[in-house]
Amino acid sequence: MTNMSRARVARRIAAGAAYGGGGVGLIGAAAVGLVLAEVRLARRAVNNGNRGGRVPLAEGLYGKGYDVPGEPPLRLAMLGDSTAAGQGVHRAGQTPGALLASGLSAVAERPVELRNVALPGAQSDDLDRQVALVLSSSRPVPDVCVIMIGANDVTHRMPPTRSVRHLSAAVRRLRTAGAEVVVGTCPDLGTIEPVQQPLRWLARRASRQLAAAQTIGVVEQGGRTVSLGDLLGPEFEANPRELFGPDNYHPSAEGYATAAMAVLPTVCAALGLWPAEEERPDVSRREGFLPVARAAAEAASEAGTEVTAAMPTGPRGPWALLKRRRRRRVPEAEPATPSV
């Protein structure tokens with residue numbers, strides 16, 4: 001599928017999500033019978049490698065060495081599915097939340113308090129519950145929320161309009177409460193090792209379509225997105241034993257570090273912590289202003305690509321800024337100090 005075709009599909013999905021449309025199916029009904037056997041085989045292979053779904057507890061305070069009396073820590077919340085939770089690794093410091101908290105602390109030179117309400121197996125309709133947990137707490141509203149969601153929507157064939165509607169509502173609630181929001185869009189599921197053709201091709205197409213539609217919905221609500229597509233793409237395909245965890249489905253410690261490296265610059269930029277010169281589009285890196293649907297389609301094809309709102313309207317509707325930020329190396333996080 002070309003980027004222009006993906007842009008058109010993403011625009012239809014996002015419009016359906018906004019206006020209550022039923023849905024452009026991620027996988028056409030005619031293809032369901034063809035892939036059912038592959039779905040069962042892939043799920044069996046993945047589940048056989050799953051070690052009980054335990055996720056290391058990573059909540060707490062990171063960067064306590066930067067503590068300044070009277071200055072509160074930055075507050076980071078993680079929402080989403082098993083990828084946001086960090087399923088597949090054994091140490092808390094290897095989870096994406098801990099890596100992002102540690103990296104953000106180093107950039108801001110302030111402690112960062114991490115809260116993680118992500119749930120392994122969650123689909124986008126669980127975000128309503130997760131947002132309620134984040135906002136109903138006695139703690140202050142987070143400074144920034146990172147959401148990673150979408151893979152289970154594809155594998156459970158949730159209508160994409162419904163998926164985007166739930167995500168957009170979550171971003172709107174968090175932004176209204178005063179939090180910055182960064183969304184890691186649906187990864188490319190076409191390279192999960194147990195998945196064979198033709199399911200592999202359908203999974204790739206469906207996940208990239210959803211990622212593009214997610215981007216439109218998020219940007220329209222004032223959030224930013226970072227494409228995670230290729231983090232389960234060429235890098236994972238070339239190094240499956242290094243970048244996949246023991247279940248061949250969830251990322252390993254190296255895989256999560258790669259994702260954190262891609263997301264951290266956008267988290268910092270959302271909080272105004274990135275150098276001002278980095279905010280200007282760099283033509284040599286193919287950055288610039290595009291209609292939001294086209295920017296979403298391009299981002300879905302390239303990992304680590306950021307999309308953020310630019311102009312509310314233009315000749316072809318809202319426009320967005322497409323950025324290909326330089327990744328920042330994120331070392332494994334030190335153990336957190338438990339929050340009080």
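Look above for the structure.
These figures come from a predicted structure and were not determined experimentally. Each residue is numbered by its place in its chain's sequence as written, counting from 1. With the structure being a predicted model, the display of local features is reserved for residues of pLDDT at least 70 and the display and counting of side-chain atom pairs for 80 or more, all residues being used for whole-chain, interface and lining totals. Excluding hydrogens and water, the side-chain figures rest on all heavy atoms present in the structure.

1. Focus on the overall build of the chain
Turning to step 1, where the next piece is worked out: Secondary structure assignment for the chain yields 12 helices and nine strands.
Turning to step 2, where the next piece is worked out: Each of the 340 residues in the chain was classed as buried or not, and the buried ones make up 55%.
Turning to step 3, where the next piece is worked out: Note on contacts: a residue pair qualifies if any of its non-hydrogen atoms lie within 4.5 Å across the two residues. Excluding contacts between residues fewer than 6 apart, the proportion of contacts in the chain whose partners are at least 24 apart in sequence is 80%.
Turning to step 4, where the next piece is worked out: For every accessible area listed, the method is Shrake-Rupley and the probe measures 1.4 Å; residues are considered covered only by the protein chains on display. Total accessible area computed for the chain in this model is approximately 14400 Å², and 53% of it derives from carbon and sulfur atoms. Secondary structure is summarised from DSSP: a helix means a run of H or I of at least four residues, a strand means a run of E of at least two, and numbering begins at the N terminus for each. Three exposure classes are used, based on accessible area relative to the maximum for each residue type with a 1.4 Å probe and protein chains only: buried under 20%, partly exposed in between, and exposed over 50%.

2. Some thoughts on the environment of His156
Turning to step 1, where the next piece is worked out: Structurally, His156 can be placed in the loop between α6 (151-155) and α7 (160-177).
Turning to step 2, where the next piece is worked out: Here Asn152 takes part through its backbone oxygen, which lies 2.9 Å from a polar atom of the side chain of His156. Think of a polar contact as two N or O atoms within 3.5 Å of one another; within protein, one of them needs to be a possible hydrogen donor and the other a possible acceptor, and neighboring residues in sequence only count if both atoms come from side chains.

3. Brief notes about the packing of helix α5 (residues 127-136) against α7
Turning to step 1, where the next piece is worked out: Taken N-terminus to C-terminus, the directions of α5 and α7 make an angle of 15°; their axes are 9 Å apart at the nearest point. Considered as vectors, α5 and α7 are oriented roughly parallel to each other. For the crossing formed where α5 meets α7, the hand is right-handed. Contacts between α5 and α7 involve Leu127, Asp128, Val131, Ala132, Val134 and Leu135 from the former and His166, Leu167, Ala170, Arg173, Leu174 and Ala177 from the latter.
Turning to step 2, where the next piece is worked out: Basically, the charged four are Asp, Glu, Lys and Arg, the nonpolar ten are Ala, Val, Leu, Ile, Met, Phe, Trp, Tyr, Cys and Pro, and anything else, Gly included, counts as polar. Within the contact of α5 with α7, the residues separate by chemical class into nine nonpolar, one polar and two charged. Here an axis means a line fitted to C-alpha atoms, over the contact stretch when the element is a helix, while the angle between two N-to-C directions is reported on a 0 to 180 degree scale. Just so you know how the angles are binned, under 35 degrees is roughly parallel, over 145 roughly antiparallel, 65 to 115 roughly perpendicular, and the rest oblique. With the far helix as reference, a near helix turned anticlockwise by less than a right angle produces a left-handed crossing, and one turned clockwise produces a right-handed crossing.

4. A few points about empty space enclosed by the protein
Turning to step 1, where the next piece is worked out: Only protein atoms enter the 1 Å grid, on which a cavity is a set of points fitting a 1.4 Å probe that cannot get out and a pocket is an open set with protein on both sides within 12 Å along at least 5 of 7 lines, lining residues being those with an atom within 4 Å of a point. Grid points are joined across faces, edges and corners, and a volume is the space filled by probe spheres set on the points. This structure, assessed with the given rule, holds three cavities of 30 Å³ or more.
Turning to step 2, where the next piece is worked out: Empty space within the second largest cavity amounts to approximately 90 Å³.
Turning to step 3, where the next piece is worked out: Taken together, Arg75, Leu76, Ala77, Glu113, Leu114, Arg115, Val134, Arg139, Pro140 and Pro142 make up the lining of the second largest cavity.
Turning to step 4, where the next piece is worked out: Elements with a contribution of two residues or more to the lining of the second largest cavity: β2 (74-80) and β3 (112-116).
Turning to step 5, where the next piece is worked out: Classifying every residue of the lining of the second largest cavity gives six nonpolar, no polar and four charged.

5. Examining the environment of Gly93
Turning to step 1, where the next piece is worked out: Along the chain, Gly93 turns up in the loop between α3 (82-85) and α4 (96-108).
Turning to step 2, where the next piece is worked out: Residue Gly93 is classed as buried on the basis of its relative accessible area, which comes to 9%.
Turning to step 3, where the next piece is worked out: A C-alpha to C-alpha distance of 9.1 Å links Gly93 and Ala253, two positions 160 residues apart in sequence.

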